[in-house]
Amino acid sequence: MADQASVTIDLPWPPTANRYWRNVNGRMVLSRDGRRYREAVDGLVWKQFCESGPVGFGESHLELTIEAYPPDRRRRDLDNLLKPLLDALQHAGLFADDSQIVSLQIRRRCVAAYGLVRVCLTAISHDENVF
């Protein structure tokens, strides 16, 4: 995949971290909901970016901004969105490892039908004060 400076993509509301993994015979495995979410993200990343040309950040340091539009007004912890979302984005090939993310911002927005997360990934240059 060719390196890009910044990409923005709208993704479905992820399953919570509590529903993303399952313990099966003492092993942690991806749940059915987790597999479905990964497949959905893979398809959307391919449709939005790969049809128009390769995209990806390789091993660049990244800034990640997330706008979370929940599916309803129930109370939710924003931090429960992060692990499933980052895992799916990595699996889709947008970056090599979520340890590349050096800046992370997440905001709750208004309710949207079915919920969605707007993700903006930006490659950033090396900064001695950050690393």
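Preceding block: the structure.
My aim in this report is to walk through the structure given alongside it, one point at a time. Fair warning: this is a prediction, and the values are worked out from it, not measured in the lab.

### Remarks on the nonpolar core
- Judged by nonpolar contacts, the single largest core of 27 residues is most densely connected at Leu 11, Val 41, Leu 85, Leu 89, Val 117, Val 119 and Leu 121.
- In terms of residue count, the dominant contributor to this core is helix H3 (residues 79-91) (6 residues).

### Considerations on the sheet that holds strand S4 (residues 61-69)
- With respect to topology, 4 strands assemble into an open sheet ordered S1-S6-S4-S5, the strand pairing being mixed. Because the sheet does not close on itself, it has two edges, and the strands there are strand S1 (6-12) and strand S5 (101-108). In this sheet, neighbouring strand axes are inclined to one another by 15 degrees on average, regardless of whether the strands run parallel or antiparallel.
- As paired strands, S4 and strand S6 (residues 116-124) are joined by 9 bridges and run antiparallel to one another. Residue pairing in the sheet places Leu 64 in a bridge with Leu 121 of S6.
- Docked against the sheet, helix H2 (residues 32-48) engages S1 and S6, running at close to 140 degrees with respect to S1.

### A look at the pairing of strand S3 (residues 27-30)
- Both strand S2 (residues 21-24) and S3 contribute to a ladder of 4 bridges, which runs antiparallel. Along S3, the bridge assignment pairs Arg 22 with Val 29.
- Between S2 and S3, which pair antiparallel and follow one another directly, the connecting turn spans 2 residues, one of which, Asn 25, has a positive phi of 50 degrees.

### Examining unusual backbone geometry
- With a phi close to 50 degrees, Asn 25 is a non-glycine residue in the positive phi region.
- With respect to the secondary-structure elements, Asn 25 resides in the loop between S2 and S3.
- The phi dihedral of Tyr 114 is positive, around 70 degrees, even though this residue is not glycine.
- Residue placement: Tyr 114 occurs in the loop between S5 and S6.
- Residue classification places Tyr 114 among the exposed residues on the basis of a relative accessible area of 75%.

### Points about the pairing of S4
- With 7 of 9 residues buried, S4 is to be regarded as a mostly interior element.
- With 7 bridges joining them, S4 and S5 adopt parallel strand pairing. Across the sheet, residue Thr 65 finds its bridge partner in S5, namely Gln 105.
- Note on the crossover from S4 through H3 to S5: the handedness is right-handed.

### Observations regarding the packing of H2 against H3
- Where H2 meets H3, the closest approach of the two axes is 9 Å, and the angle between their N-to-C directions is 50 degrees. The orientation of H2 relative to H3 falls into the category oblique. The way H2 lies across H3 gives a crossing that is right-handed. When H2 is examined against H3, the residues Tyr 37, Arg 38, Val 41 and Asp 42 are found in contact with a partner set consisting of Pro 84, Leu 85, Asp 87, Ala 88, Leu 89 and His 91.

### Some remarks on the environment of Val 45
- Secondary-structure assignment places Val 45 in helix H2.
- Residue class for Val 45 comes out buried when judged on its relative accessible area of 1%.
- Sequence separation between Val 45 and Gly 93 is 48 residues; the distance between their C-alpha atoms is 8.7 Å.

Thresholds applied
Residues numbered from 1 in each chain as written. Predicted model: local features only at pLDDT ≥ 70, side-chain atom pairs only at ≥ 80, totals over all residues. Heavy atoms only, no water. Core = buried A, V, L, I, M, F, W, Y, C linked by side-chain atoms within 4.5 Å. Buried < 20%, exposed > 50% of the residue type's maximum accessible area, 1.4 Å probe, protein only. Helix = DSSP H or I, 4+ residues; strand = E, 2+ residues; numbered from the N terminus. Pairing = 2+ DSSP bridges. Axes fitted to C-alpha atoms, helices over the stretch in contact; angles between N-to-C directions. Contact = heavy atoms within 4.5 Å. Right-handed = clockwise from strand over helix to strand, strands pointing away. Parallel < 35°, antiparallel > 145°, perpendicular 65-115°, else oblique. Left-handed = near helix turned anticlockwise from the far one by under 90°.

Structural measurements only, silent on function.
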